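Geometric and topological summary
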Amino acid sequence: MPPLSILSSPTPSAASRLSDGSRHSDTSSFSRNRSIPDFEIERPLKSANGGSKRPAMRRLQSDYSAENALRTSVSRMIAAKARSFTASGHIPLDPSALVLFFRSKSGITHSLDFPIDVDYDTPPALDVLIAACRPHSTAGINVYPDRDSLFYPPNLPLTATLEIANHPILEAVRNALFPNLPTGHYLVAVRDRLEIVVSGCRMTPQPRTLRNDGRVATVCVTLPVHYRGGALVIRDVDGIEEKFFGVGGKPEVVEWTAYLAECEYELETVTQGCRMSISFAVHLKTYGPSVDPLITPSERFLDLLSPVLSLSRGRKVAFYLTQDYNVNPAEALAESLVPHLKGSDSLLYHALKVYKLVPELHWAAGGYIWPIDRTVECGNETNDSPTSAVASMMAGFSTSALSYSSPSRRTVPMRPMSYYGDPEEDEAEILRAQSDIIRTRVEESGAVPLSEAEIFILSDWAPGPISKEKVYFTSNGELEKLIVNVLLVTYVP
């Protein structure tokens, strides 16, 4: 059995108080510096007869009340916008192309064409469909059983030419109700049930406990059947209510409404005609280490991968990723790239999943590899850079000036440099000291050498392109970048 993880984690200003200090027009009283521009202030004209200011106070109070009402309305609007739990729209569909196929209890298949106006002509297939339906389950005592809404039994076949997957409805639902859904997560719709509410009937509140299939939302599509009344009422967990009156089943409009899974809904009484709708359960799917692969590699690629895995039994092997993903390894885990894998990286990842292996993504640099739950942390450098160390040595300081500010950091030794030394040797010494400092920082951030992790990297004879991400850090007051690669590691049992 492969291990659960390949690696484990080791007072106001004077200018604001300026005043002319006088109420007279004598220019000698103005002692301010005229080179400083004055503020342009518009003041209301004073009343010549010294009348009462009470009417102006009433006006100001009225303005305050209006502004307070405006701010209250804006606050309510913003709160509703931030807590959106419904979405609605129209489907660009010709209703004459919509056909519903169903099978009655006797085993006979029927078809129902749209649009329908039951006040003008009721198709016989509609009567058969209504006769095959069952009433909704309601809470409490049902006083009027003949006024219940109906739904088509799930055990009887039902097919419609309407498929919301052929329309951008799920994309609209994602943008409206799930705006922060990360890449690699997608929505799928599964037809739930057909619901019918005839004239004089209504649907009692349907609690969310009746829908325990793991859905995240529901999409209700109203079919083009003429009706009046029957407004759709949706309430969220806090009791906030949204009401959709609809267009009454106009033949040229097919409308849809979506709401979150934690909401309950009901239909008000239909006063005329017949209201028909098909609901779809929206589920959230993803791919990654804990689910099945989304794609299946070709048989040829699997045949080429098979001998590689056979010859690597009992070892931890790794492949370099080849694509660039423009992420900061200091802020994100390498495993977070799984939903974003593309091209050859995605192909290899899913091929390993086909062989029931557990691939993991790790950051790697300079022969070191970070645990799966660690980011790349190089820290900031002050007086411990090689260049500052050289300056200290030239000034006659001891190697203790090279120590890190942190107690956990160790001193990086350097040989004494002479003023008349070889510039090339001095440059090499600076590069070596810089490499030692970076290595110390890398080790302190949790990285371990590949040899200690017992990971064998599989690569081609000729080095090819590999992914290169950058971690920024400061060295001697300059911004530098550490190149970090991504390793796809797995254990082959």
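Residues numbered from 1 in each chain as written. Predicted model: local features only at pLDDT ≥ 70, side-chain atom pairs only at ≥ 80, totals over all residues. Heavy atoms only, no water.

So, about the layout of surface pockets. Estimated volume of the largest pocket: approximately 650 Å³. Secondary-structure elements contributing two or more residues to the lining of the largest pocket are α4 (299-310), β16 (315-320) and α5 (343-354). The residue makeup of the lining of the largest pocket, split by class, is 15 nonpolar, 4 polar and 2 charged. (1 Å grid on protein atoms, 1.4 Å probe; cavity = no way out; pocket = protein on both sides within 12 Å on 5 of 7 lines; lining within 4 Å. Points joined across faces, edges and corners; volume = space filled by probe spheres on them. Helix = DSSP H or I, 4+ residues; strand = E, 2+ residues; numbered from the N terminus. Nonpolar A, V, L, I, M, F, W, Y, C, P; charged D, E, K, R; others polar.)

Here β16 runs beside strand β22 (residues 478-492); their pairing, made up of 6 bridges, is antiparallel. Among the inter-strand pairings, Val317 is bridged to a residue of β22, identified as Thr490. Pairing analysis gives 5 bridges linking strand β17 (residues 360-365) to β22, with the strands arranged antiparallel. Paired with Glu360 across the two strands is Val489, which belongs to β22. (Pairing = 2+ DSSP bridges.)

This part takes up the pattern of salt bridges. Enumeration over the complete set of coordinates arrives at 9 salt bridges. Measuring nitrogen to oxygen at the nearest pair gives 3.3 Å for the salt bridge that ties Arg71 to Glu67. Remark: Glu67 and Arg71 occur in helix α1 (residues 54-82); sequence separation between them is 4 residues, near one turn of the helix. By relative accessible area, Arg71 is classed as exposed at 56%. Here Arg202 makes a salt bridge to Glu266, at a shortest N to O gap of 2.9 Å. In this pair, Arg202 is assigned in the loop between β7 (185-198) and β8 (203-206) and Glu266 in strand β14 (residues 264-267), connecting sequence segments 64 residues apart. (Salt bridge = Lys/Arg side-chain N within 4 Å of Asp/Glu carboxyl O. Buried < 20%, exposed > 50% of the residue type's maximum accessible area, 1.4 Å probe, protein only.)

Now for unusual backbone geometry. Residue Pro115 is reached from Phe114 by a cis peptide bond, and omega for that bond is 0°. The topology assignment puts Pro115 in the loop between β3 (109-113) and α2 (124-132). The phi dihedral of Asn326 is positive, around 55°, even though this residue is not glycine. According to the relative accessible area criterion, Asn326 is exposed, its value standing at 73%.

On to the sheet that holds strand β11 (residues 232-235). Taken in spatial order, the 4 strands of this open sheet run β8-β14-β11-β12, and their pairing is antiparallel. This sheet does not close on itself; its edge strands, each paired only once, are β8 and β12 (241-244). Ignoring which end each strand starts from, the neighbouring axes of this sheet average 15° apart. As paired elements, β11 and β12 share 4 bridges and run antiparallel to each other. What sits directly across from Arg235, in β12, is Glu241. (Axes fitted to C-alpha atoms, helices over the stretch in contact; angles between N-to-C directions.)

The values reported here are purely geometric and, on their own, carry no functional implication.
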